[in-house]
Amino acid sequence: MSHNTFGHLFRFTSFGESHGPLIGCVVDGCPPLIELTEADLQGYLDKRRPGQSRFTTQRQEPDQVRIVSGVMTEEATGRQLTTGTPIGLIIDNVDQRSKDYGEIRQQYRPGHADFPYDAKYGIRDYRGGGRSSARETAMRVAAGGIARKVLEGVRIRGALVQMGPHKIDRQRWDWNAVDDNAFFCPDPQAAREWETYLDGVRKAGSSCGAVIEIVAEGVPPGWGAPIYGKLDAELASAFMSINAVKGVEIGEGMAAAALSGEDNADEMRTGNTGLPHFVSNHAGGILGGISTGQPIVARFAVKPTSSILTERRSVNRFGAEVDIRTKGRHDPCVGIRAVPVGEAMMAIVLADAFLRHRGQTGAPATRWPFPRPA
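All values derive from a computational prediction rather than experimental measurement. (Residues numbered from 1 in each chain as written. Predicted model: local features only at pLDDT ≥ 70, side-chain atom pairs only at ≥ 80, totals over all residues. Heavy atoms only, no water.)

### Concerning the sheet that holds strand β16 (residues 296-302)
1) Next: The strand order β9-β8-β10-β16-β11 describes an open sheet built from 5 strands, whose pairing is antiparallel. One side of each edge strand has no neighbouring strand; the edge strands of this open sheet are β9 (166-167) and β11 (245-250).
2) Next: The pairing of strand β10 (residues 210-217) with β16 spans 7 bridges and is antiparallel. For Val215, the partnering residue across the bridge sits in β16 and is Val297.
3) Next: Lying on the sheet, helix α7 (residues 338-361) is in contact with β8 (155-163), β10 and β16; it crosses β8 at an angle near 140°. (Pairing = 2+ DSSP bridges. Helix = DSSP H or I, 4+ residues; strand = E, 2+ residues; numbered from the N terminus. Contact = heavy atoms within 4.5 Å. Axes fitted to C-alpha atoms, helices over the stretch in contact; angles between N-to-C directions.)

Dropping the structure here:
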């Protein structure tokens, strides 16, 4: 199975299966002399960890990460620093229940990757989907924690802005509320309403989709490359690689099609510092594939969890028609735990863009087309 690596200068390769003994990744391209400990990564993994509320799968995985290579303790200070060599990360799987999947080992679950995997490889891991399981995303979050250490001065935050058909009220957006509810929701009122909605979905044995918004602040202008290295194209690729994601938009996204040229163009003035100031941010912080210095804003849509208790029509490996009901422990809205995964993928893309920018221009500073003010 190929294509397990993501990125260019800053890249990671993940390995392991949902019901195997462990999952892991190797992060390559991290610069040396960055202070890095397991505690720097664990907080992000705890946000993604299953079993933290009745609204996520009850699989109990502590997701304790171990750094097994690529760091060294500095004798003079006792700090653990990156060495510039590949960083190995491992997380043990401790709560697999493969028996839950015994009945569907020869059947293709509707909405899952079972059939195309079997068609491509002639074999599939029926135990929770193997490599196609969202379990793999834990390693993305761990790698994203390292990427954040590379991105000094950049702040990345995510929020769930739509659950099923129910959207937040953006007038009530409060970043401080995101960590105060089970949904990473920035609208406290919507979060309370979603509890009732998702309880009904969960009790019916069904599922729902979600939309997640990721915002990166502090990204200077100049990151990314035109044509085939566009920053927005690489973000779209990163988000589309997340399990169950079916759509991505940057800035206004699809809504830009309904705007006029006058409304959509982000006008510019000279700010108080003498540097350019954008009046709006319809472009989501990226123009021509290159960052503008504004916040980078992206959203992605996650489909409803395909593992549901409602009986669905399918076929088995021998071509016989079957009716299938998926048992086991599953998220009624997998989009909830996709928020920290989206943050991680944003961080990984931006860390890669920063290192490539530095490699091409020779310095991380922006090359302004006009003199900086005194």
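### Details of α7
1) Next: Look at α7: 34 Å from first C-alpha to last across 24 residues, which is about the 34 Å you get at 1.5 Å a residue.
2) Next: Most of α7 sits inside the fold, with 20 of its 24 residues counted as buried.
3) Next: Positive phi appears at Gly362, one or two residues downstream of α7, with a value of about 90°. (Expected span 1.5 Å × (residues − 1). Buried < 20%, exposed > 50% of the residue type's maximum accessible area, 1.4 Å probe, protein only.)

### A closer look at empty space enclosed by the protein
1) Next: In total, this model carries 2 cavities of 30 Å³ or more according to the counting rule given.
2) Next: Tyr44, Lys47, Val141, Gly144, Gly145, Arg148, Pro340, Glu343 and Ala344 together form the lining of the largest cavity.
3) Next: Looking at the lining of the largest cavity, the elements with two or more residues in it are α1 (38-48), α3 (137-150) and α7.
4) Next: Among the residues forming the lining of the largest cavity, the class breakdown is 4 nonpolar, 2 polar and 3 charged. (1 Å grid on protein atoms, 1.4 Å probe; cavity = no way out; pocket = protein on both sides within 12 Å on 5 of 7 lines; lining within 4 Å. Points joined across faces, edges and corners; volume = space filled by probe spheres on them. Nonpolar A, V, L, I, M, F, W, Y, C, P; charged D, E, K, R; others polar.)

### Here's the deal with the sheet that holds strand β2 (residues 11-16)
1) Next: If you trace the 5 strands from one edge of the open sheet to the other, you get β1-β2-β3-β7-β4, paired in antiparallel fashion. Each end of this open sheet is capped by a strand with a single partner; those strands are β1 (5-7) and β4 (65-67). Neighbour-to-neighbour, the strand axes of this sheet turn through a mean angle of 20°, independent of strand direction.
2) Next: Taken together, the 3 bridges between β4 and strand β7 (residues 87-92) define a ladder with antiparallel strand orientation.

### Notes on the nonpolar core
The nonpolar side chains of a soluble globular protein tend to be buried, and buried together.
1) Next: Counting residues in hydrophobic clusters, the biggest one holds 79 residues, and the most contacted among them are Phe10, Leu89, Met346 and Leu350.
2) Next: Examining the composition of this core, we find that 14 residues originate from one element, α7, more than from any other.
3) Next: Those residues in contact with Met346 that lie beyond four places of it in its chain are Ile156, Ile214, Ala216, Leu235, Phe239, Ile296 and Ala298. (Core = buried A, V, L, I, M, F, W, Y, C linked by side-chain atoms within 4.5 Å.)

### Overview of the packing of aromatic side chains
1) Next: In this structure the tally under the stated criterion is 6 aromatic pairs.
2) Next: Look at Trp173 and Trp175: their rings are 5.1 Å apart centre to centre, the planes differ by 70°, and that puts the pair in the edge-to-face class.
3) Next: For Trp173, a relative accessible area of 22% corresponds to the partly exposed category.
4) Next: The partly exposed category is assigned to Trp175, whose relative accessible area is 22%. (Phe/Tyr/Trp six-rings, centres within 6.5 Å; stacked < 30°, edge-to-face > 60°.)

### A look at the state of the cysteines
1) Next: What the rule picks out here adds up to 0 disulfides.
2) Next: You can see Cys25 has no disulfide; the closest cysteine sulfur is in Cys30, sitting 12 Å from it.
3) Next: Note on Cys25: relative accessible area 1%, which makes it buried.
4) Next: With no disulfide of its own, Cys208 lies 4.0 Å from the sulfur of Cys333, the closest cysteine sulfur.
5) Next: The buried category is assigned to Cys208, whose relative accessible area is 3%. (Disulfide = S-S within 2.5 Å.)

### Structural notes on the environment of Ala353
1) Next: One can find Ala353 in helix α7.
2) Next: When its relative accessible area of 5% is taken as the criterion, Ala353 is described as buried.
3) Next: C-alpha separation for the pair Ala353 and Cys333, spaced 20 residues apart in sequence, amounts to 32 Å.
4) Next: When near neighbours in sequence (up to four residues on either side) are disregarded, Ala353 contacts Trp223, Gly224 and Leu231.

### Side note on the side chain of Glu136
1) Next: Following the sequence through the fold, Glu136 ends up in the loop between α2 (114-121) and α3.
2) Next: Sequence-distant contacts of Glu136, defined by excluding residues within four places in its chain, comprise Ser14, Arg131 and Asn243.

### A closer look at the pattern of salt bridges
1) Next: For the coordinates displayed, the defined rule picks out 24 salt bridges.
2) Next: Among the ionic pairs, Glu136 bridges to Arg140, the shortest N-O distance being 2.9 Å.
3) Next: Look at Arg140 and you get buried, because its relative accessible area is 7%.
4) Next: In this structure, Arg172 and Asp169 form a salt bridge, with 3.4 Å as the shortest nitrogen-oxygen distance.
5) Next: Residue class for Asp169 comes out partly exposed when judged on its relative accessible area of 29%. (Salt bridge = Lys/Arg side-chain N within 4 Å of Asp/Glu carboxyl O.)

### Details of the packing of helix α5 (residues 231-240) against α7
1) Next: For the pair α5 and α7, interaxial distance at closest approach is 9 Å and the crossing angle is 145°. Remark: the crossing between α5 and α7 carries right-handed chirality. Listed contacts from α7 to Leu231, Glu234, Leu235, Ala238 and Phe239 of α5 are Gly342, Met345, Met346, Val349, Leu350, Ala353 and Arg356. (Left-handed = near helix turned anticlockwise from the far one by under 90°.)

### Some words on the pairing of β2
1) Next: Burial along β2 is one-sided: Phe12, Ser14 and Gly16 are buried, while Arg11, Thr13 and Phe15, pointing the other way, are not.
2) Next: By the bridge criterion, 3 bridges tie β1 to β2 in an arrangement that is antiparallel. When the sheet's bridge partners are listed, Gly7 is paired in β2 with Arg11.
3) Next: Counting the residues between successive antiparallel strands, the hairpin from β1 to β2 contains 3 residues.

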